[in-house]
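The lines below spell out each chain.
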There are 2 protein chains.
Amino acid sequence: MTAKIARYFAERRPATPCLVVDLDVVEENFKNLRKALPDSAIYYAVKANPAPEILALLARLGSSFDTAGVAEIDMVLAAGATPDRISYGNTIKKEADIAAAYARGVRLYAFDSEAELEKIERAAPGSEVFCRILTSGNGADWPLSRKFGCDVAMAKSLLLKARDMNVEPIGASFHVGSQQRDPKQWDEALAATANLFRELEADGLTLRMVNLGGGFPTKYKKSVPTAKQYGIAITDALRRHFGNRIPETIIEPGRGMVGNAGVIQTEVVLISKKSHNKDERSWVFLDIGKFGGLAETMDEAIQYPLVVNGRQGTPKPVIIAGPTCDSADVLYEKADYRLPEDLAIGDKIEILATGAYTTTYSAVAFNGFEPLKAHYI
Amino acid sequence: MTAKIARYFAERRPATPCLVVDLDVVEENFKNLRKALPDSAIYYAVKANPAPEILALLARLGSSFDTAGVAEIDMVLAAGATPDRISYGNTIKKEADIAAAYARGVRLYAFDSEAELEKIERAAPGSEVFCRILTSGNGADWPLSRKFGCDVAMAKSLLLKARDMNVEPIGASFHVGSQQRDPKQWDEALAATANLFRELEADGLTLRMVNLGGGFPTKYKKSVPTAKQYGIAITDALRRHFGNRIPETIIEPGRGMVGNAGVIQTEVVLISKKSHNKDERSWVFLDIGKFGGLAETMDEAIQYPLVVNGRQGTPKPVIIAGPTCDSADVLYEKADYRLPEDLAIGDKIEILATGAYTTTYSAVAFNGFEPLKAHYI
């Protein structure tokens, strides 16, 4: 919680629930990432938070952008970035959307299958393409499925195929998993990538770019390494596996760029118990839940730190839930959350590190509740 | 899939993804439920689908409405229902929202805790209240947590307390779990409720209403009993436990009222494999996913039937996923889904029984994708 955000809550008293993002923190994160990996181009993962204020700031700072679709491309262009700073990083694209991106000047596309490569050739001829490789996601807090990427053998044949098509294969990408708390996880993926590069070199295809993906974390309840530590681990791994032929690299921070810049303020709607049993934990119901922006509490994956101001009572174990009539709208039941025993209905609670993956995850109008409001200061 | 919906898709060719709801099916469901439980008042659970067209139809048919908040109350009033046909059924309400509902004429409120009762007394003096009891949810496909309700002993003391306050305790409610495929599950809850009524009678408090909740299912992949079978099972249980003093009852169908009235049409964006291994299942990526309206595929809880027109190929096992850059956006991986082997990119797939819990669950703009569009015909 920055002084600027604290002042905003104190002076403006915005209606809850709402998110307040301190743009100075976003700028600081950008600069720390640039310092940690000075030779990498930064492609901000727009999906983490596409607010125009954030996009305009990052465009001004010189960031590039990783986008998931045409709507995000339009937002980035509106924020002042040129199309050569945009990557269409989604491996699942309608051909009409590729054509729309191409018409806007986008010339860098991800793929992980032959069919997608053919769509790109037809709809975005001559563009640069990179192939996403499947990785394990060990050590990441947000689950990484096998949804994206293909294995290295398939990547090799697809990149060779691309060479003979009207596209320009320039490299490979991978993702070590969102909220990746272990900087060493890039090592294994870089070993596989370097091996792929060598095999393709032997076949006469020289690649020049490695997309290191995202995964850079935000500090939630557990502590995380610094950007600098990630930089050191990744640079070491690049040297180890690529020797003196280190490729161009790009990174795609989303959570690591905006997560810790935001704070949600919520109000306690109800505190209750289910029985007269004194040992039972209290239920604390907030005016925000899984469908109002906190979707990443799914399976209690992301555990946000909570702050209660003005209460000195002993922290007691609680179950925390949202305000909707949906029984799945429980935030934390297994995780050990404690709140002051003198917490009262109407108290405000601040949910820290909520700048990423909140506003756009919010449901349109579930139970009639409005989507999460946000203020960028 | 009704002929009316099939014709709509064929003639209008709406952009995908979109939901089309046949209002005739909603009307038929309403009439079947009224016939199955002729002595129960029907309170449609607005959260399942609050489209103005559905609310207006049900208001005209004489339905009452179970609402989760003030926004839903306003939608119901706008649809032409009077406030005496509205229940504020959420047990987690801000006091300001109770006051707003009271100002609009709503006089029926749910509670499951002392603090909520006190809020209702202050903000909606003289209103009728009912206490929600915790039940197990066995046999339901959508998980029922302990979020709502209190145990019977606590319900007893809260209802006695209510008698001495400026509110009128009229009964109790429970919920056997959403998509409850076993009509016998009402029996256990009604036994507990009848026992509560007898104990309170002995203490001089006569209750007159049982809210039987929702839980009435929609046919997805597995077959479900008919409304008539639910009616018989519930009527039998009421006679068994209440004898010749059967109370007033209300039911709160949501899914059972609108689920089978809707069909989502989606387009296949990509079909791919992760390796050259021939035995591997194909991934089929649709233009709708978990964040575009299919949130109930969480943990593969709700398994929608899929229909592919114009393909005769042998059905082959597939993994089905959504179009976003989120690795959690996988719909079905464990459930045994099969699609024709000649399925191609660009094919349309119809997702049946998607009239409930889709449009409002849809994310505002995750990955820049627009919320689910819907057409009511």
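The structure this text deals with has already been given above.
Residues numbered from 1 in each chain as written. Chains lettered and ligands numbered in written order. Predicted model: local features only at pLDDT ≥ 70, side-chain atom pairs only at ≥ 80, totals over all residues. Heavy atoms only, no water.

**Quick look at the interface of chain A and chain B**
Right, so step 1: Taken together, the contact between chain A and chain B spans 71 residues of the former and 71 residues of the latter.
Right, so step 2: Interface area, chain A with chain B, both sides summed: about 5,400 Å², of which 62% is carbon and sulfur.
Right, so step 3: By the criterion of area lost to chain B, the three top residues of chain A are A:K147, A:K274 and A:C325, representing 13% of everything that side buries.
Right, so step 4: Where chain A meets chain B, there are eight salt bridges.
Right, so step 5: A:K147 is the partner of B:D329 in a salt bridge, and the nearest nitrogen-oxygen pair spans 3.6 Å.
Right, so step 6: Between the two partners, chain A and chain B, sit 30 residue pairs in polar contact (both at pLDDT 80 or more). (Contact = heavy atoms within 4.5 Å. Buried area = accessible area lost by both parts, 1.4 Å probe. Salt bridge = Lys/Arg side-chain N within 4 Å of Asp/Glu carboxyl O. Polar contact = N/O pair within 3.5 Å; in protein donor to acceptor, adjacent residues only side chain to side chain.)

**Focus on unusual backbone geometry**
Right, so step 1: A:P17 follows A:T16 through a cis peptide bond whose omega is -5°.
Right, so step 2: With respect to the helices, strands and loops of the structure, A:P17 is situated in the loop between α1 (3–12) and β1 (18–21).
Right, so step 3: One non-glycine residue, A:A353, adopts positive backbone phi at about 60°.
Right, so step 4: Here A:A353 is to be found in the loop between β15 (348–352) and β16 (373–376).
Right, so step 5: You will see that B:D299, though not glycine, has its phi angle at about 55°, which is positive.
Right, so step 6: Along the chain, B:D299 falls in the loop between β11 (282–286) and β12 (306–308). (Helix = DSSP H or I, 4+ residues; strand = E, 2+ residues; numbered from the N terminus.)

**Topic: the relation of the copies chain A and chain B**
One copy of the chain maps onto the other through a rotation about an axis plus a displacement along that axis.
Right, so step 1: Mapping chain A onto chain B is achieved by rotating through 180° and translating by 0.0 Å along the same axis, at an RMSD of 0.0 Å. Look at the turn and shift together and you get a two-fold axis relating the two. Among all residues of chain A, the one whose C-alpha sits closest to the rotation axis is A:A363, at a distance of 2.1 Å.
Right, so step 2: Taken together, the interface assignments show that 100% of the residues at the interface of chain A recur at the interface of chain B, consistent with an identical surface on both copies. (Least-squares fit on C-alpha atoms with pLDDT ≥ 70 in both.)

**Some thoughts on the side chain of B:D287**
Right, so step 1: For B:D287, the position within the fold is in the loop between β11 and β12.
Right, so step 2: For B:D287, a relative accessible area of 9% corresponds to the buried category.
Right, so step 3: Within polar-contact distance, the side chain of B:D287 engages the side chain of B:T16 at 2.6 Å.
Right, so step 4: Every residue in contact with B:D287, bar those within four places of it in the chain, is listed here: A:K94, B:T16, B:P17, B:T266, B:E267, B:V269 and B:P323. (Buried < 20%, exposed > 50% of the residue type's maximum accessible area, 1.4 Å probe, protein only.)

**Examining the packing of aromatic side chains**
All names here are of chain B.
Right, so step 1: Counted under the stated rule, the structure contains 26 aromatic pairs over all chains.
Right, so step 2: With a centroid separation of 5.9 Å and 40° between ring planes, the pair formed by Y88 and Y109 is classed as tilted. In this pair, Y88 sits in strand β4 (residues 86–88) while Y109 sits in strand β5 (residues 108–111), placing the two residues 21 residues apart along the sequence. The pair Y88 / Y109 is uniform in exposure class, with both members buried. (Phe/Tyr/Trp six-rings, centres within 6.5 Å; stacked < 30°, edge-to-face > 60°.)

**Notes on the environment of A:T360**
Right, so step 1: Positionally, A:T360 belongs in the loop between β15 and β16.
Right, so step 2: Sequence separation of A:T360 and A:D97 is 263 residues, and the distance between their C-alpha atoms is 20 Å.
Right, so step 3: Not counting residues up to four positions away in its chain, the partners in contact with A:T360 are A:K47, A:P50, B:A363, B:V364, B:A365 and B:F366.

**Here's the deal with the side chain of A:N211**
Residue and element names in this part refer to chain A.
Right, so step 1: Looking at where N211 falls in the secondary structure, it is placed in strand β8 (residues 209–211).
Right, so step 2: Here the side chain of N211 touches G213 through a polar contact of 2.8 Å, landing on its backbone nitrogen.
Right, so step 3: Of the polar contacts made by the side chain of N211, one reaches the side chain of E252; its length is 2.7 Å.

**Considering helix α7 (residues 152–163) of chain B**
Because each turn of an α-helix spans 3.6 residues, side chains separated by three or four positions in sequence point in the same direction.
Residue and element names in this part refer to chain B.
Right, so step 1: Taking 1.5 Å of rise per residue, the twelve residues of α7 would be expected to cover 16 Å, and the 17 Å separating its terminal C-alpha atoms lies within 8% of that figure.
Right, so step 2: Every buried residue of α7 is accounted for by M154, A155, L158, L159, L160 and A162.
Right, so step 3: Contact partners of the buried residues in α7: β5, α6 (114–123), β6 (128–132), β7 (168–173) and α8 (185–202). (Expected span 1.5 Å × (residues − 1).)

**Observations concerning the packing of helix α5 (residues 95–103) of chain B against α6(B)**
Residue and element names in this part refer to chain B.
Right, so step 1: At a minimum axis distance of 9 Å, the contact between α5 and α6 shows a crossing angle of 40°. Accordingly, the angle class assigned to the pair α5 and α6 is oblique. Note on packing geometry: the crossing formed by α5 with α6 is right-handed. Note on element contacts: α6 touches α5 through E116, K119, I120, R122 and A123, opposite E95, I98, A99 and Y102.
Right, so step 2: Of the residues that constitute the contact of α5 with α6, the class distribution is five nonpolar, no polar and four charged. (Axes fitted to C-alpha atoms, helices over the stretch in contact; angles between N-to-C directions. Parallel < 35°, antiparallel > 145°, perpendicular 65-115°, else oblique. Left-handed = near helix turned anticlockwise from the far one by under 90°. Nonpolar A, V, L, I, M, F, W, Y, C, P; charged D, E, K, R; others polar.)

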